[in-house]
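Here are the chains, one letter per residue:
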Amino acid sequence: MSKEAVNKLPEHELNPDALVQVKNLKKYFPISGGVFSRVIGHVKAIDDISFDIMKGETLGLVGESGCGKTTTGRAILRLMNATAGHVYFQGQDVFSLNKHDLRKMRREMQLVFQDPYASLNPRMNVGNIIGEPLEIHGIAKGAKKDKIVQELLETVGLSKWHMRRYPHEFSGGQRQRIGVARALALKPKLIVLDEPVSALDVSIQSQVINLLEDLQTEFDLTYLFIAHDLSVIKHISDRVGVMYLGKLVELTDSDSLYREPKHPYTEALLSAIPIPDPRIQSKRERIVLEGDVPSPANPPSGCRFHTRCKYAQDICKREIPELVDVGNNHFVACHYPLS
Amino acid sequence: MTEKLLEVKDLHTHFYTSDGEVPAVNGISFHLNKGETLAIVGESGCGKSVTSLSVMRLIPDPPGRIVDGQIFFEGEDLLKKSDSAMRKIRGNDISMIFQEPMTSLNPVFTVGDQIAEAVELHQGVSEEKAHKIAVEMLTLVGIPMPEQRAKEYPHQLSGGMRQRVMIAMALSCHPKLLIADEPTTALDVTIQAQILELMKKLRDETGTAIMLITHDLGVVADMAERVIVMYLGKIVEEAPVDDLFHKPLHPYTQGLLNSIPRMDRGKERLHVIEGSVPHPANMPTGCAFNPRCPHVREICLERMPELIKKEDGHTVRCWLYTEEGQASKAVSKEVSS
Amino acid sequence: MQKYIIRRILQAIPILLGVSIIIFALTQAMPGDPLSHMMDPNITKEDLESAREKLGLNDPKYVQYFRWLGELLSGNLGFSTKYSKPVGDLIKERIGPTFTLSLLALTIALVFAIPIGVYSATKQYSKWDNLFTVFAFAGISIPVFFLALVLIWLFALQLQWFPSGGLTTPGVTYEFPKNIFNMLYHLVLPSMTLALLYMASFMRYTRSSMLEVIRQDYIRTARAKGLSEKVVIYKHALRNALIPVITILGLSLPGMFSGALVTETIFSLPGMGTLSYNAVVQRDYPILMATNLMFAIWTIVGNLLADIFYALVDPRIRYD
Ligand SMILES: Nc1ncnc2c1ncn2[C@@H]1O[C@H](COP(=O)(O)OP(=O)(O)OP(=O)(O)O)[C@@H](O)[C@H]1O
Ligand SMILES: Nc1ncnc2c1ncn2[C@@H]1O[C@H](COP(=O)(O)OP(=O)(O)OP(=O)(O)O)[C@@H](O)[C@H]1O
Ligand code: SF4
Ligand SMILES: [Mg+2]
Ligand SMILES: [Mg+2]
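Predicted model only: the values in this text are computed from it and were never measured.

Let's talk about the site of ligand 2
All names here are of chain B.
Okay, step 1: Taken together, 14 residues are adjacent to ligand 2, and Ser-44, Gly-45, Lys-48, Ser-49 and Val-50 come closest.
Okay, step 2: For ligand 2, an oxygen atom lies 3.0 Å from a polar atom in the backbone of Gly-47.
Okay, step 3: Here Lys-48 contributes a side-chain N or O atom positioned 2.8 Å from an oxygen atom of ligand 2.
Okay, step 4: Burial of ligand 2 by the protein chains amounts to 70% of its free accessible area of 630 Å².
Okay, step 5: Mapped onto the shell around ligand 2, the elements with two or more residues apiece are strand E1 (4–17) and helix H1 (48–56).
Okay, step 6: Sorting elements by how many residues they give to the shell around ligand 2 places H1 first, with three residues.
Okay, step 7: The residue makeup of the shell around ligand 2, split by class, is six nonpolar, five polar and three charged.

Remarks on the interface of chain B and chain A
A common measure of how large an interface is: the accessible area buried when the components associate.
Okay, step 1: Listed as interface residues are 45 residues of chain B and, on the opposing side, 46 residues of chain A.
Okay, step 2: A buried area of about 3,900 Å², summed over both sides, lies between chain B and chain A, and 56% of it is on carbon and sulfur atoms.
Okay, step 3: Taken together, the connections running from chain B to chain A amount to five salt bridges.
Okay, step 4: Connecting chain B to chain A are 22 residue pairs in polar contact (both at pLDDT 80 or more).
Okay, step 5: Elements represented by at least two residues in the side of chain B that touches chain A include exactly helix H7 (189–206), helix H8 (217–223), helix H9 (241–246) and helix H10 (251–259) of chain B.
Okay, step 6: Here the side of chain B that touches chain A gets nine residues from one element, more than from any other, and that element is H7(B).
Okay, step 7: Among the residues forming the side of chain B that touches chain A, the class breakdown is 17 nonpolar, 14 polar and 14 charged.

Notes on the site of ligand 3
Okay, step 1: Near ligand 3 you find His263(A), Pro264(A), Cys303(A), Phe305(A), His306(A), Cys309(A), Tyr311(A), Ala312(A), Cys316(A), Cys334(A) and His335(A), and these make up its full shell.
Okay, step 2: A breakdown of the residues in the shell around ligand 3 according to their chemical character gives eight nonpolar, three polar and no charged.

Things to note about the nonpolar core
Okay, step 1: Counting residues in each nonpolar core, the largest one holds 74 residues, and the members touching the most others are Leu6(B), Phe30(B), Ile94(B), Ile167(B), Leu177(B), Ile179(B) and Met211(B).
Okay, step 2: At eight residues, the largest contribution of residues to this core is made by helix H6 (residues 159–171) of chain B.
Okay, step 3: Within the second largest apolar cluster, 61 residues are counted, among which are Ile129(A), Val149(A), Ala227(A) and Ile233(A).

Comments concerning the state of the cysteines
A covalent bond between the sulfur atoms of two cysteines is what we call a disulfide.
Residue and element names in this part refer to chain B.
Okay, step 1: This model, assessed by the stated rule, comprises zero disulfides over all chains.
Okay, step 2: Cys-318 carries a free sulfur, and the closest cysteine sulfur to it, the one in Cys-293, is 6.2 Å from it.
Okay, step 3: The class of Cys-318 is buried, set by a relative accessible area of 8%.

Looking at a negative patch on the surface
All names here are of chain B.
Okay, step 1: Taken together, the side chains of Asp-113, Glu-120, Glu-127 and Glu-128 define an acidic patch exposed on the protein surface.
Okay, step 2: At the level of secondary structure, the elements contributing two or more residues to the negative patch comprise helix H3 (111–123) and helix H4 (127–140).
Okay, step 3: Within the element layout of this structure, Glu-128 appears in helix H4.

What to know about a nonpolar patch on the surface
Residue and element names in this part refer to chain C.
Okay, step 1: On the surface, Trp-153, Leu-154, Leu-157, Leu-159 and Trp-161 cluster together into a nonpolar patch covering about 520 Å² of accessible area.
Okay, step 2: You can see Leu-154 is positioned in helix H7 (residues 144–158).
Okay, step 3: Judged by its relative accessible area of 33%, Leu-154 falls in the partly exposed class.

A word on the pairing of strand E7 (residues 177–181) of chain B
Regular strands show a simple pattern: their side chains alternate between the two faces of the sheet.
Residue and element names in this part refer to chain B.
Okay, step 1: For E7, a buried count of five out of five residues is recorded, marking the element as mostly surrounded by other parts of the structure.
Okay, step 2: Here E7 shows no split at all, with Leu-177, Ile-179 and Asp-181 on one side and Leu-178 and Ala-180 on the other all buried.
Okay, step 3: In this structure, strand E6 (residues 94–97) lies alongside E7, joined through four bridges in parallel fashion. When the bridges of E7 are listed, Met-96 appears paired with Ile-179.
Okay, step 4: At this point the chain moves from E7, through H7, to the parallel strand E8 (residues 209–213), and the crossover so formed is right-handed.

Observations regarding helix H1 (residues 69–76) of chain A
Residues and elements named next belong to chain A.
Okay, step 1: In terms of burial, H1 is a largely internal element, six of the eight residues being buried.
Okay, step 2: Listed in full, the buried residues belonging to H1 are Lys-69, Thr-71, Thr-72, Gly-73, Ala-75 and Ile-76.
Okay, step 3: Arg-78, located one to two residues past H1, shows a positive phi value of around 55°.

Some remarks on the packing of helix H6 (residues 127–141) of chain C against helix H8 (residues 180–214) of chain C
Residues and elements named next belong to chain C.
Okay, step 1: Their axes nearest at 8 Å, the elements H6 and H8 cross at an angle of 130°. In terms of orientation, H6 and H8 fall into the oblique class. Of the two possible hands of crossing, H6 and H8 adopt the one that is left-handed. Side by side, H6 and H8 meet where Asp-129, Phe-132, Thr-133, Phe-135, Ala-136, Phe-137, Gly-139 and Ile-140 of the first sit next to Leu-196, Leu-197, Met-199, Ala-200, Ser-201, Met-203, Arg-204 and Arg-207 of the second.
Okay, step 2: Tallied by class, residues from the contact of H6 with H8 come to ten nonpolar, three polar and three charged.

Considering unusual backbone geometry
All names here are of chain A.
Okay, step 1: A positive phi angle, close to 50°, is found at Asn-24, a residue other than glycine.
Okay, step 2: Structurally, Asn-24 is set in strand E1 (residues 18–33).
Okay, step 3: Judged by relative accessible area, which is 43%, Asn-24 ranks as partly exposed.
Okay, step 4: Positive phi values are uncommon outside glycine, yet Asn-329 reaches one of about 55°.
Okay, step 5: The residue Asn-329 is located in the loop between strand E11 (324–325) and strand E12 (331–332) in this model.

Regarding the sheet that holds strand E11 (residues 308–311) of chain B
Residues and elements named next belong to chain B.
Okay, step 1: Strands sit in the order E6-E7-E8-E3-E9-E10-E12-E11 across an open sheet of eight strands; the sheet is mixed. Each edge of the sheet is formed by a strand with only one pairing partner; in this case those strands are E6 and E11. On average, each strand axis in the sheet is tilted by 20° relative to the strand beside it, whichever way the strands run.
Okay, step 2: Relative to strand E10 (residues 234–240), strand E9 (residues 226–231) runs antiparallel, the two sharing six bridges. Pairing of Ile-228 across the sheet is with Glu-238, part of E10.

Digging into the confidence of the model for chain C
Residues and elements named next belong to chain C.
Okay, step 1: Put simply, chain C has an average pLDDT of 80, and 89% of its residues get 70 or more.
Okay, step 2: Ranking the elements of chain C by mean pLDDT puts helix H2 (residues 34–38) last with 57 and helix H9 (residues 217–224) first with 91.
Okay, step 3: We note a pTM of 0.82 for the whole complex and an ipTM of 0.84 for its interfaces.

With respect to the side chain of Ser172(B)
All names here are of chain B.
Okay, step 1: Within the secondary structure, Ser-172 is located in the loop between H6 and E7.
Okay, step 2: Its relative accessible area of 1% is what places Ser-172 among the buried residues.
Okay, step 3: Here Met-169 takes part through its backbone oxygen, which lies 2.8 Å from a polar atom of the side chain of Ser-172.
Okay, step 4: Setting aside anything within four residues of it in sequence, one finds Ser-172 in contact with Ile-115, Ala-118, Val-119, Gln-123 and Met-137.

With respect to the pattern of salt bridges
Okay, step 1: As enumerated under the stated definition, the model contains 41 salt bridges over all chains in all.
Okay, step 2: For Lys247(B), the salt bridge is made with Glu311(B), and the minimal N-O distance between the two is 3.3 Å. Of the two residues, Lys247(B) sits in the loop between H9 and H10 while Glu311(B) sits in strand E11, which places them 64 residues apart along the sequence.
Okay, step 3: A salt bridge links Lys92(C) to Asp89(C), with the nearest nitrogen and oxygen atoms 4.0 Å apart. A residue pair is termed a helical-turn pair when its members lie 3 or 4 positions apart in one helix, as Lys92(C) and Asp89(C) do in helix H5 (residues 87–122) at three residues.
Okay, step 4: Looking at Lys92(C), the relative accessible area reads 64%, which means it is exposed.
Okay, step 5: You can call Asp89(C) partly exposed: its relative accessible area is 35%.
Okay, step 6: Here the residues in one salt-bridge network are Arg286(A), Glu197(B), Lys200(B) and Asp222(B), joined through shared partners.

Rules of the game
Residues numbered from 1 in each chain as written. Chains lettered and ligands numbered in written order. Predicted model: local features only at pLDDT ≥ 70, side-chain atom pairs only at ≥ 80, totals over all residues. Heavy atoms only, no water. Near = heavy atom within 4 Å. Polar contact = N/O pair within 3.5 Å; in protein donor to acceptor, adjacent residues only side chain to side chain. Areas by Shrake-Rupley, 256 points an atom, 1.4 Å probe, with all protein chains shown as cover. Helix = DSSP H or I, 4+ residues; strand = E, 2+ residues; numbered from the N terminus. Nonpolar A, V, L, I, M, F, W, Y, C, P; charged D, E, K, R; others polar. Contact = heavy atoms within 4.5 Å. Buried area = accessible area lost by both parts, 1.4 Å probe. Salt bridge = Lys/Arg side-chain N within 4 Å of Asp/Glu carboxyl O. Core = buried A, V, L, I, M, F, W, Y, C linked by side-chain atoms within 4.5 Å. Buried < 20%, exposed > 50% of the residue type's maximum accessible area, 1.4 Å probe, protein only. Disulfide = S-S within 2.5 Å. Patch = residues over 30% accessible without salt bridge, like charges linked within 9 Å, V, L, I, M, F, W, Y side chains within 5 Å. Lys, Arg positive; Asp, Glu negative; His and termini not counted. Charge placed at Lys NZ, Arg CZ, Asp CG, Glu CD. Pairing = 2+ DSSP bridges. Right-handed = clockwise from strand over helix to strand, strands pointing away. Axes fitted to C-alpha atoms, helices over the stretch in contact; angles between N-to-C directions. Parallel < 35°, antiparallel > 145°, perpendicular 65-115°, else oblique. Left-handed = near helix turned anticlockwise from the far one by under 90°. pLDDT = per-residue confidence, 0-100.

This is the structure:
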């Protein structure tokens, strides 16, 4: 495909403040079974979600295990092929890029993984781990590469003599710093952080969170920050999207989300998180949701939350609520948004 | 005066590994009153699980061994009991639930059988009666269609349901002490909420004492009456829950409380405890927290402080609260990360 | 469960057909044909040709295959010119001893290997565990024929406890079940040979699988319930540890036949092993085809049995 064939977002839909625009993104994973391993169904990991990531912001994505957070992050980076929909990076359709252009675009979008243990090759030293993207993209080699790597190590709070060490010689927090340094190597605009602090101890979490905040200011980065911990998300994000069973159910700035959640699921989620202060916690009213999250292979009809929602009415079982702006850029997908 | 149910005195549990002898639990003493909920918090590897497994006498040997100390349960030293006497206590007077609901149930037996097994063993009832009790327990922990579920295998249940089954199993013989080692860490927040509510309800109904192990200070604030903070195999602070959160004394506790992002707070920059936990095989000399502490004094580098009583029920292991420590010179240092 | 078994059996049919084609093709590809072996070398070309014609050896291959298959299905496994007997009768005579031998060996192997494996795992690196480990490695590395000869030398020649060969005492005809004890007596050494061989590997599998299982969280849970060590190990751990062992067992069933081949030859037992060995040497095609097919069926049955047992002990296997 030639450069001209790359699809651009139509002028009227282009948001000049957005770095990434996700439009009707879907990702279904086939389920195979039976005698000849036929496809017998689909896991609707993400089912028709749309949102923008603004330049320089941190967009948080929360939700319970299996709701599709990781899938969303990976589909945006085109690390997996989406089933339907589009992702526009600075107005360009990421899914229509050819191999060469995709490689160029990849320099602008990086990923940091959850597991600081599994995501670093144990047989490569730190210098090579961080320097690898520089070589692959032909930016620097040899002494020049080493110099950049040393600078990167210092940027993330490690020392330059760590270069010759191997991942197993580092603690979890330090490994996550290495992962961040690797992501920074290509000077990207967007970094997708998939649960970057979930595997870390509390006292180490704050180190990494502060580091990420500093780097954002210093390098003018945009973050898509994926986590299941609402306290962390609330702290670091400018805006927060709440996902439930492959759907985006609420999207707004983090203060309004906490102060006045409009989706019943968000309300329950917020109330479920204990606040580390016994005086406050003992006075809080906890909304306990009945049952488990239904299977994404066979999601409930209508609003996917209706099986556990205490406000549900008949219409909730029939019609899928659209994600709509209920004022002040507060988006919610609910037939009866809370007020 | 409330009655002591459990009293641990100067417990030392060591592991003999290729890294050398690891003092995973290094001289801890605490007690638990009847019906009380005590939380033990601390970073990964500080010895929380080893403490609880020591109380159950379930330390895998090799590589581990309880090398010293006493564990009094209702006045009798568990460490002096014979294996068979200990087995009569496990699952009966003291029971335990574990962090990993996905792997803590045996995949080849039905959940009903697994609950009934303990009931049959400890209560000496018939198999049929034990199964009936198992179903009642499943009802109690809020599992829908308990008769049906009792006949199912663990893989047919979700994580939250498996943890309920574990709770049902643990409570089936009406234990006096329930040890819950990170009972909700592996669960989603909405499921965690269900389990915590369930544990509170059952605690209030049965009067079981709970030793709750967690690293989540939110869960502590929600459940506990008293809190023990551990660092590298030692207790560094012990306090009633309100004091711990509002008048923390140990620099580590203070740092920890300030470093967690809180939903009810704004975006102020998080406080940071520099550095990371050293490996227990190469413990620093003096106070174990000294490489990370912002208030180090010379004496901190030399000697380990004792646990000192500051107020009723509030103790702390830190030189700052002693005259000797106050007299010692402050060390200015580059905190290394 | 029933549906699962039926489905697995149905799945085996196409595999069997495929196997029959392969066996047929392989036999065809072998050098020489049966006639060149059984005819007088001085026979004339014409007579040879007419004999070939009569036996259908000149028909197109696929016709020969379908004729063979058709006969097979009607129970006629062909006629061995060498033994001048129907192949079916030969197999009927021979399968009993081989089956008894294999079953005996398997039982002995399991009866010893599983408890030893469990013991070794629970007492890892103990004196006995080390001893069993040495024994197992010896068992795995010693060839069958050598083991057989050692046993014959020790028990038959030196101690004279057991006979060195044959299925029955000479003069006693093998007639099931009349002379069963005579036969079993003769089978002691051969089945011990085979059993020792299999014991070694079953022991290792049980040990390593058990070691894996006793580290699992649910074993800790079982102990936390206050169960005795015996119940923890033999009820909670063993059931899980046997799952992989069953697979290995199913997969080694056909191997028992090839092991039996050598054993039978050394102990001069009239079993399937010697039958097929002689058939190869003498290019007895009908026997060769039939024994190979039996072998294939046995392999498939072994797998099937393994799968079914697997499904029986492991509830996580879905039957649908
Ligand atoms: N490669 C895959 N093949 C099949 N199903 C998949 C695959 N990856 C993810 N899924 C399914 O898609 C759904 C969404 O998965 P995803 O990993 O995006 O969830 P998540 O929100 O990141 O969860 P977590 O918090 O556990 O990381 C899940 O039900 C998962 O089982
Ligand atoms: N089986 C074992 N073999 C060797 N060392 C062990 C073993 N179990 C525990 N340890 C050591 O004991 C120390 C304390 O471990 P423990 O499991 O009690 O930590 P924890 O406080 O429960 O941490 P976490 O929050 O990660 O569960 C660790 O440093 C570990 O190295
Ligand atoms: S749409 Fe209905 S079911 Fe869904 S969250 Fe809103 S009220 Fe509840
Ligand atoms: Mg994920
Ligand atoms: Mg632990």
